[in-house]
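Remarks on the overall topology
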Amino acid sequence: MSELLNNQAKERIYGARKVAVLTGAGISAESGIPTFRDTDGLWTKFSPMELSSFEAFYNNTAIVAEWYKKRRHIIEETMPNPGHYALAEIEKKFQYFDIITQNIDGLHSKAGSNNIIEIHGNIMKNYCIDCKKKYSAKEFDTIYETSVSHIPRCNCGGLIRPDVVWFGELLPKQTIEKAFQKAEKADIFFSIGTSAMVRPASDLPITAIQNGAFLIEINMKQTHLSDYTHLQLNGPSGKILPQLLKEIEKILHD
Ligand code: BJW
Ligand code: ZN
């Protein structure tokens, strides 16, 4: 099997202390979770603007609530793939290693990664839009099932929504600030399985390069980011990342 890393990448990895990784739906594709914008992605069956905005939730609460309930049940049954597990191992090789994920599926945590910044929230969490009371996935399901209209409501009467970030909503301030700090300080920045189309997440790799990081992209296809990368690794992350782990181990032990 030919090597993934060229000499420049090897040198940068050898000297790196701080590594930051941005992940998107592509890293979970091999676990069986559909991506958003590929041809078999979620958005081909449902328009994102229809389902992934507060207006949609407010106007079509039962439909949006059911969509999230179904996705949550898929995610609950889903296991991390070799890509997630390899990242959890790569984390141990560097002094500082942070995963900034756009995914709401919690698979990095299931795979054993420790430093994870979930910038678009987590599908297992829910809260009341009025009194902000938190609801677990199980509590949400009970309320959803027992409501005749399938409109999940809190004791206070407010709607219960998933704790995720929809289009037009601001990302949690401290979370996104932390993500940008990691990007600014990174020696190496990986962009993995993301179309890099959704802001502000798509600004993170650019910020990293502007601050001197070596940018490595892992994707099945070309993205908006590809022209800016120092190294592009084309293929499924579930195959590339385990090989990358081996190459990193070799570089750091030689
Ligand atoms: C593989 C693979 C394998 C496949 N291995 N690779 C113009 C108009 C309207 C809005 C805007 C605009 N310009 C900017 C905006 C703002 C908007 C935005 O960026 N829109 C763009 C679409 C243009 N952003 C926002 O609204 C954000 N908030 C914000 O900006 O606040 C300020 C503001 C307020 C008011 C007005 C304007 C600004 C919030 C964004 C929230 C995004 N939320 C979602 C849903 C989360 C909850 C949920 O999951 O239900 O986040 S949308 C969706 O996209 C989800 C994802 O996290 C996100 C990114 O998608 P991702 O992960 O990149 O997936 P894909 O499918 O796009 O790509 C998969 C990739 O994997 C592909 O490249 C494949 O090739 C690859 N792949 N298999 C490796 N095995
Ligand atoms: Zn409430």
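Small disclaimer: the values here were computed from a predicted structure and weren't measured.

Parameters and conventions
Residues numbered from 1 in each chain as written. Chains lettered and ligands numbered in written order. Predicted model: local features only at pLDDT ≥ 70, side-chain atom pairs only at ≥ 80, totals over all residues. Heavy atoms only, no water. Buried < 20%, exposed > 50% of the residue type's maximum accessible area, 1.4 Å probe, protein only. Helix = DSSP H or I, 4+ residues; strand = E, 2+ residues; numbered from the N terminus. Pairing = 2+ DSSP bridges. Right-handed = clockwise from strand over helix to strand, strands pointing away. Core = buried A, V, L, I, M, F, W, Y, C linked by side-chain atoms within 4.5 Å. Contact = heavy atoms within 4.5 Å. 1 Å grid on protein atoms, 1.4 Å probe; cavity = no way out; pocket = protein on both sides within 12 Å on 5 of 7 lines; lining within 4 Å. Points joined across faces, edges and corners; volume = space filled by probe spheres on them. Nonpolar A, V, L, I, M, F, W, Y, C, P; charged D, E, K, R; others polar. Domains from an automatic or database assignment. Buried area = accessible area lost by both parts, 1.4 Å probe. Salt bridge = Lys/Arg side-chain N within 4 Å of Asp/Glu carboxyl O. Polar contact = N/O pair within 3.5 Å; in protein donor to acceptor, adjacent residues only side chain to side chain. Near = heavy atom within 4 Å. Sits in = over half its atoms within 2 Å of the grid points. Donors = N, O, S within 2.8 Å, 3.2 Å for Na, K, Ca; no water. Tetrahedral: all angles 85-135°; square planar, octahedral: opposite > 155°, others 65-115°.

Take the pairing of strand β8 (residues 214-219) next. Burial of β8 is extensive: 6 of the 6 residues sit out of reach of the surface. Sheet topology places strand β7 (residues 188-192) next to β8; 5 bridges connect them, and they run parallel. Residue pairing in the sheet places Phe190 in a bridge with Ile216 of β8. Once you follow β7 into helix α11 (residues 203-210) and on to β8, the crossover reads as right-handed. Bridge count for β8 against strand β9 (residues 231-234) is 4 bridges, and the pairing is parallel. Pairing of Ile218 across the sheet is with Leu233, part of β9.

Time to look at the nonpolar core. The biggest cluster of nonpolar side chains holds 28 residues, and the ones touching the most others in it are Leu87, Phe190, Leu241 and Leu244. Looking at this core, the elements with two or more residues in it are α1 (7-14), β1 (18-23), α7 (82-91), β2 (96-101), β7, β8, β9 and α12 (237-253). The element contributing the most residues to this core is α12, with 6 residues. Look past the residues within four positions of Phe190 in its chain and what remains in contact with it is Val19, Ala20, Val21, Leu22, Ile216, Ile218 and Leu244. Listed in part, the 19 residues of the second largest apolar core include Ile100, Ala196, Leu204 and Ala213.

Volume-wise, the largest pocket comes out at about 780 Å³. As for the largest pocket, its lining consists of 42 residues, of which Ala25, Phe36, Arg37, Thr194 and Ser195 are closest to the centre. The set of elements that each furnish at least two residues to the lining of the largest pocket consists of α2 (26-29), α6 (61-77) and β8. For the lining of the largest pocket, a count of residues per class yields 18 nonpolar, 17 polar and 7 charged. Summarising the domain contributions, the lining of the largest pocket has at least three residues from each of domain 1 (7-33 + 81-120 + 172-253) and domain 2 (42-77 + 126-164).

Turning our eyes to something else, we now look at the domain arrangement of the protein chain. Domain boundaries assigned for the protein chain yield domain 1 (7-33 + 81-120 + 172-253) and domain 2 (42-77 + 126-164). For domain 1 versus domain 2, the distance between C-alpha centres works out to 30 Å. Contacts between the two partners involve 5 residues from domain 1, matched on the other side by 6 residues from domain 2. With both chains or domains summed, domain 1 and domain 2 bury close to 440 Å², and 67% of this area falls on carbon and sulfur atoms. Inspection of the domain 1/domain 2 interface yields 0 salt bridges. Across the contact surface, domain 1 and domain 2 share 0 residue pairs in polar contact (both at pLDDT 80 or more). Within the side of domain 1 that touches domain 2, the residues separate by chemical class into 2 nonpolar, 1 polar and 2 charged.

Bringing the site of ligand 1 into the picture now. Every one of the 36 residues lining ligand 1 counts as a neighbour, but Tyr68, Arg71, Gly168, Ser195 and Asn219 are closest to it. Between ligand 1 and Asn219 there is a distance of 2.6 Å, counted from an oxygen atom to a side-chain nitrogen or oxygen. Separating a nitrogen atom of ligand 1 from a backbone N or O atom of Ser237 is a distance of 3.0 Å. In this structure the site holding ligand 1 corresponds to the largest pocket. Secondary-structure elements contributing two or more residues to the shell around ligand 1 are α2 and α6. In terms of residue class, the shell around ligand 1 is made up of 16 nonpolar, 13 polar and 7 charged. Residues lining the shell around ligand 1 come from more than one domain, with at least three contributed by each of domain 1 (7-33 + 81-120 + 172-253) and domain 2 (42-77 + 126-164).

To continue, consider the coordination of the zinc ion (ligand 2). Only Cys128 (SG), Cys131 (SG), Cys154 (SG) and Cys156 (SG) from the protein reach the zinc ion (ligand 2) as donors, at distances of 2.3 Å. Taken together, the 4 donor atoms coordinating the zinc ion (ligand 2) and their angles of 102 to 118° define a geometry best described as tetrahedral. Positions of the donor residues of the zinc ion (ligand 2) along the chain correspond to the pattern C-x2-C-x22-C-x1-C. Here Cys156 lies in the loop between α9 (137-146) and β6 (160-164) and Cys128 lies in strand β4 (residues 121-128), a separation of 28 residues in the sequence.

Within the secondary structure, Leu244 is located in helix α12. A C-alpha to C-alpha distance of 41 Å links Leu244 and Phe57, two positions 187 residues apart in sequence. If we ignore the near neighbours within four places in the chain, the residues touching Leu244 are Leu4, Leu5, Phe190, Ile218 and Leu233.

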